[in-house]
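Per-entry structural report
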Amino acid sequence: MTAVLEISGLNKSFGGIKATDDLNLSVTPHELHAIIGPNGAGKTTLISQLSGTQQPDTGTIRFQGQDITQIAPHKRAHLGIARSYQITSLIMQMSVIDNIALALQAHDGHSFRFIRPARGIKSLRDRAMSLLDRVGLADKADLSTAALSHGEHRHMEIAIALASEAELMLLDEPMAGLGLEASAQMVDLLLGIKGKHTILLIEHDMDAVFALADRISVLVYGHIIATGTPDEIRSNEAVQHAYLGEE
Amino acid sequence: MQKLTRRGWLTVIVMALLAVLPPVFYLTGNAFYLDLATRLTILAIAAVSLNLILGYGGLISFGHAAFVGLGAYAVGIPAYHWLYYSWGDWAVNGLVQFPLAIIVSAVFALLTGIVCLRTRGVYFIMITMAFAQMVYYLIVSIEEYGGDDGLVIDTRSELPLINLDDPLQLFGLSYVSLLVAMLLVRMIVNSRFGMVLQGAKGNEERMISLGFNVYAYRLTAYVISGAMAGYAGALLGNFTTFISPEMMDWSRSGELMFMVILGGVATTLGPVLGAVSFIVIEEILSTITIYWHLPFGLMLIGVVLFVRGGLAGLLTGRGGKDD
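Just so we're clear, the structure is a prediction, and the values are computed from it rather than from any experiment.

Cut-offs used in this document
- Residues numbered from 1 in each chain as written.
- Chains lettered and ligands numbered in written order.
- Predicted model: local features only at pLDDT ≥ 70, side-chain atom pairs only at ≥ 80, totals over all residues.
- Domains from an automatic or database assignment.
- Contact = placed C-beta atoms within 7 Å.
- Helix = DSSP H or I, 4+ residues; strand = E, 2+ residues; numbered from the N terminus.
- Buried ≥ 20, exposed ≤ 12 C-beta atoms within 10 Å, placed from the backbone.

Here we look at the domain arrangement of chain A
All names here are of chain A. With domains assigned, chain A is organised as domain 1 (1-80 + 166-247) and domain 2 (91-164). Each of domain 1 and domain 2 has a C-alpha centre, and these two points are 26 Å apart. Contacts between the two partners involve 11 residues from domain 1 and, on the opposite side, 11 residues from domain 2. When residues of the side of domain 1 that touches domain 2 are traced back to their parent elements, those giving at least two are β7 (168-172) and α6 (180-193). For the side of domain 1 that touches domain 2, the leading source of residues is α6, giving four residues.

Notes on the interface of chain B and chain A
On the chain A side, the residues contacting the 20 residues of chain B number 26 residues. Listed by contribution, the elements that provide at least two residues to the side of chain B that touches chain A are α6 (167-190), α7 (192-202) and α8 (204-210) of chain B. Per-element accounting of the side of chain B that touches chain A gives the leading share, six residues, to α7 of chain B.

Notes on unusual backbone geometry
Positive phi values are uncommon outside glycine, yet Glu165 of chain A reaches one of about 50°. Relative to the elements of secondary structure, Glu165 of chain A occurs in the loop between α5 (150-163) and β7. With 14 C-beta atoms counted inside 10 Å, the residue Glu165 of chain A sits in the partly exposed group. Unusually for a residue other than glycine, Ala266 of chain B sits at a positive phi of about 55°. Tracing the sequence through the fold places Ala266 of chain B in the loop between α10 (250-263) and α11 (270-288). Residue class for Ala266 of chain B comes out buried when judged on the 24 C-beta atoms lying within 10 Å of it.

Following this line, the structure appears as structure tokens:
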């Protein structure tokens, strides 16, 4: 089985700091692969290189066999890579449903269409509504995005990632800033998605990671020191030393 | 027909007043007010076009007067050659001049937009202004067309059915053009294209990661906006029958920005309200004192600081968003 995502020899430095250090990783179809690591381990830098907003110094990124290292971010989205943000990144001035409809519109041909009102396109609206239903926000569809809570924003992020029907979803700390209850809801939501998409999950919340992940990779100083099932990671000495023990 | 909102009613009332009052003034012997109305109507078209990129696109262009000026020169220069170099009658034909104004402005918008839109924030403001000043100095340096002193347009554009020498007909054309411009921008911003443009204003990075080539959409909007401003310039040339580089000075671009912000960004009516109040207040204040810029400036600062959503927001009691 070919890997959905194949990263080899990835390096990225900022000044003297190696944020990504000879990183190798392979993500197989439909697995939920979590990346954990202490603060400053280079998790978000990795996601940025995968989505294309940052360029690696050396190394290659292959998506479904194709080398995408040099491909522009918006083109990667069309190949089938969706990303959610650690810091909520929504269009606050727009309504909730407009945010989701825009995400759907991105994958519905070009948008150089000037005449028909976008809010009147039933196919987009209906699909946006069913996505909101899936993440439990159907009753807030017409509210301004700015009026929703942080937890609801996190759910919108997932709905937008789902909207692309992407083969690979890059989720950057979906639990960030969520309370216990909201985190539990998010875990339920992700459990519902799991198995239908390939998910690369970056997360600080250990309970969530061990509840969700098929495999876990541990990132320390930009380098992956171990990859394995949750049980293997739990019992890995190097991991305990480098990361879990410190917490 | 769909039910009109409060903002919708306001738009209908303002546009109806703008249609009726100036001709009434004119027919009752106050020709000056029709002149004033024609000027503000034409400037409103330019403001509406600026609102597309500034209000809905979040692109703070500080060089919009250049498009207006280019549009005016697209009328003036052929008319000049018609008079002194015996070019054919096609040179003063409106069906040649107006499309020429649109094309020249659109091409200028495309060429400068390709460069400008690679920058962000303050740099975008500065570079749009720099390109506009470039055109300003270019025109100043061409002595053939009057340079600094400007150029008199001896003959207004000749159009079928309409005689632009008649002030009422010129106003009528300007007014209809404004209506069309408003409806056009409204249609564009509500379309798929408009949603992308507005989304990129709210969160550019998100739009790119969704898969939108934000640059291409912005460039398209920039060209549309420039072309509309060029059309307004062609009307302005016909109205003033005198054009000079001063039309594209950076302070003129600033005035257009003020109209949009004063009236209410990202609203259909805002730029029109802005243009009306700007011209009317300027007119009133300048009859009271020659130092009218000072109270005028203070009023503008007051509106920007205290009235969210500009005059359109103030009059309908809600800030910001359009219906």
